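In case you want the letters, here they are:
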Amino acid sequence: MPVSEAVRQWVDQVSSLCQPESVVWCDGSDAERERLEKKAVSEGALTPLNKEKLPGCFYHRSAKGDVARTEHLTFICSKTKDDAGPTNNWMSPEQAREKVLPLFKGTMRGRTMYVVPFIMGPRGSRFSLVGVQLTDSVYVALNMRIMTRMGNVAWEQLGTSKKFTKCLHSLGDLSPERRYICHFPDENEIWSIGSGYGGNALLGKKCLALRIASALGKREGWLAEHMLIVGIESPEGELHYITGAFPSACGKTNLAMLVPPPSLKGWRVRTIGDDIAWLRPGPDGRLWAVNPEAGFFGVAPGTSRKTNPSAMATIARNTIYTNVALRKDGTVWWEGHDDPPGADLLDWQGQPWKPESGEKAAHPNSRFTAPASQCPSIAPEWEKPEGVPISAMFFGARRAGVVPLIYESFGWQHGTFLGATLASETTAAATGKVGVLRRDSMAMQPFCGYNMADYWAHWLEIGKSLTRPPKIFRVNWFRRGKEGQFLWPGFGDNLRVIRWALDRASGRGTATETAIGHVPKLDSIDRKGIDVSDDVMKELLRVDPTEWTDALKHQADYFSPFGDRLPKGIREEHEALAKRLRSAPAAPQPAR
Ligand code: OXD
Ligand code: MN
């Protein structure tokens, strides 16, 4: 397969720097996969799992301190600090060359360097981008094979072009002291050293498809978003596509593979993607989306036949499991699994585990890497080069109070503001304390490759180019009652909420106008077949102007570091909300 001269030159340069013992050019073939799997097993990077129960599956245990994205070690290396903005760590390109580049010197001595060409996006699509990852981790090469269109297809797509993202990765010594994930949006380049964890090491995903792509999208007039994409088909055959932005580990994979409950007969969900959407205005004035990925890198704990039967079917073969617990019979287990743990379980660190230990057997951020094509609900159109047109977009987060189950924005600008002000209680997907309220604007805060104020301005610009923009909604499946219990059943029943949104997008559906947006009326959301009383529904939909006035102050604090860069449209929405809240009647007190 002919390879562009630009690629060859770069591979030579990196080889002289990292000094690998050998260089393997990946072609993406099945024979190669078998070779790499054998190598990974012989090196101890992978353990084969039970061939009957989990055919084609492998197990990987990562280093103890390398189990999640490390945002404090993640940098945007743009020309100026202002270009990266107040929400990103910044390092100048010169400083990165001085401080980080030397860490790559000789780092691959005695190791193999894999040249992993890949396409993000469907083959032959105008949306798609080519990347080449150089890595000394066979585990990473095998994961990239699942998560992207990897191998000769990428060389074919690239041809003689120089437009590819240079993704340099080395495990280094896996020490957090020498761990850096650096992004160069102007040079279209990524350097990652010191981590083998997915989000830090599978460079096509967060690094390319979000941080680098968001900056590229800004220049070229499109959006790279931390969003799932699904098609929702009614019993009458009406098909709408939606996207949903949720912070990490807030149920995007579950929503992307939602199974309608038996009481919603005839509804069907078609999965397109579970984590990332690339969106472009189409010639018809609508917004079109593709999923740039080819696999799912999902959180294992909590995944079961009850919560996500499609995911369970997807991960039954050809899957790499990372940091889950291992059973003696070569099967895997995690908290929230359907089956009991059984005896003789080894925890994610390889230690014998007993339920009474009080410790988690699987790491809370343990993962599965599985091909999207294996998902029973995958849409036949999931790889369409032109993508799918979007009718509605959802911004959601984990909030115990304040935010109602769903509300609809007054339009694109207000919808952008709803996304911009998203905040969520933290989870285990990134290192740090769990359960703390943290701003995660558009669910993109850890993933935006440039100043977020410019990013919101870019959203507003994109809106202007759409004559048929999607409706934008804010959702919160996680509202709790007085005793701390979740008020909404969630999972498959979230389809009831989406149905209301799609009705609204089609000019149907009833709502009450409130200070924050259009909220469903008490009976707007179908509750047939679920036990959600009127009182609980009232609480789920309650908008308390006092609580929101307080939230408004936090929003102002959040916006303040952006200074004059904050777009006028966002400032206007903030002021308009303040005004509406001042004239809003007091809310009735919670019923429970
Ligand atoms: C992910 C994340 O892995 O958001 O998708 O952390
Ligand atoms: Mn994600």
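Residues numbered from 1 in each chain as written. Chains lettered and ligands numbered in written order. Predicted model: local features only at pLDDT ≥ 70, side-chain atom pairs only at ≥ 80, totals over all residues. Heavy atoms only, no water.

### Focus on the site of ligand 1
Taken together, 10 residues are adjacent to ligand 1, and Arg69, Lys206, Ser248, Asp275 and Arg367 come closest. Lys206 places a polar side-chain atom, nitrogen or oxygen, 2.9 Å from an oxygen atom of ligand 1. Between His226 and ligand 1, the recorded distance is 3.3 Å, taken from a side-chain N or O atom to an oxygen atom. Its free accessible area being 210 Å², ligand 1 has 94% of it covered by the protein chains. The residue inventory of the shell around ligand 1, partitioned by class, reads 3 nonpolar, 2 polar and 5 charged. (Near = heavy atom within 4 Å. Polar contact = N/O pair within 3.5 Å; in protein donor to acceptor, adjacent residues only side chain to side chain. Areas by Shrake-Rupley, 256 points an atom, 1.4 Å probe, with all protein chains shown as cover. Nonpolar A, V, L, I, M, F, W, Y, C, P; charged D, E, K, R; others polar.)

### A closer look at unusual backbone geometry
In this model, Asn318 sits at a positive phi of 50°, which is unusual for a non-glycine residue. You can see Asn318 is positioned in the loop between helix H10 (309–314) and strand S19 (320–322). The phi angle at Asp344 is positive, at roughly 60°, despite the residue not being glycine. (Helix = DSSP H or I, 4+ residues; strand = E, 2+ residues; numbered from the N terminus.)

### Side note on helix H12 (residues 452–464)
Counted at 1.5 Å a residue, the expected span for H12 with its 13 residues is 18 Å, and the 19 Å between its end C-alpha atoms agrees. The buried fraction of H12 amounts to 10 of the 13 residues, a majority that puts the element mostly inside the structure. Along H12, the residues that are buried comprise Met452, Ala453, Asp454, Tyr455, Trp456, His458, Trp459, Leu460, Ile462 and Gly463. Sitting at the amino-terminal end of H12 is Asn451, which places a side-chain oxygen 2.9 Å from the backbone nitrogen of Ala453. (Expected span 1.5 Å × (residues − 1). Buried < 20%, exposed > 50% of the residue type's maximum accessible area, 1.4 Å probe, protein only.)

### What about the packing of aromatic side chains?
Counted by the stated rule, this structure contains 23 aromatic pairs. Residues Trp10 and Phe164 carry aromatic rings whose centres are separated by 6.0 Å and whose planes lie at 55° to one another, so their mutual orientation is tilted. Within this pair, whereas Trp10 is found in helix H1 (residues 5–18), its partner Phe164 is found in the loop between helix H6 (152–158) and strand S9 (165–170), the two being separated by 154 residues in sequence. In this structure Phe164 comes out as buried when scored by relative accessible area, which is 4%. Within the aromatic cluster, the residues linked to one another by ring pairs are Phe417, Trp456, Tyr558, Phe559 and Phe562. Residue placement shows Arg8 over the ring face of Trp25; its charged tip is 5.2 Å from the ring centre. Positioned over the ring face of Phe447 is Lys206, at 4.4 Å from the centre of the ring. (Phe/Tyr/Trp six-rings, centres within 6.5 Å; stacked < 30°, edge-to-face > 60°. Lys NZ or Arg CZ within 6 Å of the ring centre and 35° of its normal.)

### Some words on the pattern of salt bridges
Tallied over the entire structure, the rule returns 43 salt bridges. A salt bridge links Arg111 to Asp136; the shortest N-O distance between them is 3.6 Å. Here the residue Arg111 occupies a position in the loop between helix H4 (93–99) and strand S6 (112–120), and Asp136 occupies one in the loop between strand S7 (129–135) and helix H5 (138–147), the gap between them amounting to 25 residues. Judged by relative accessible area, Asp136 falls into the buried class, the value being 4%. With a shortest N-O distance of 3.7 Å, Lys553 and Asp550 are connected by a salt bridge. In this pair, Lys553 and Asp550 are both assigned in helix H15 (residues 545–559), 3 residues apart and thus about one turn of the helix distant. Classification of Lys553 by relative accessible area gives exposed; the value is 52%. Overall, the relative accessible area of 38% leaves Asp550 in the partly exposed class. By sharing partners, the salt bridges in this structure join Lys205, Lys206, Lys252, Asp275 and Glu293 into a single network. (Salt bridge = Lys/Arg side-chain N within 4 Å of Asp/Glu carboxyl O.)

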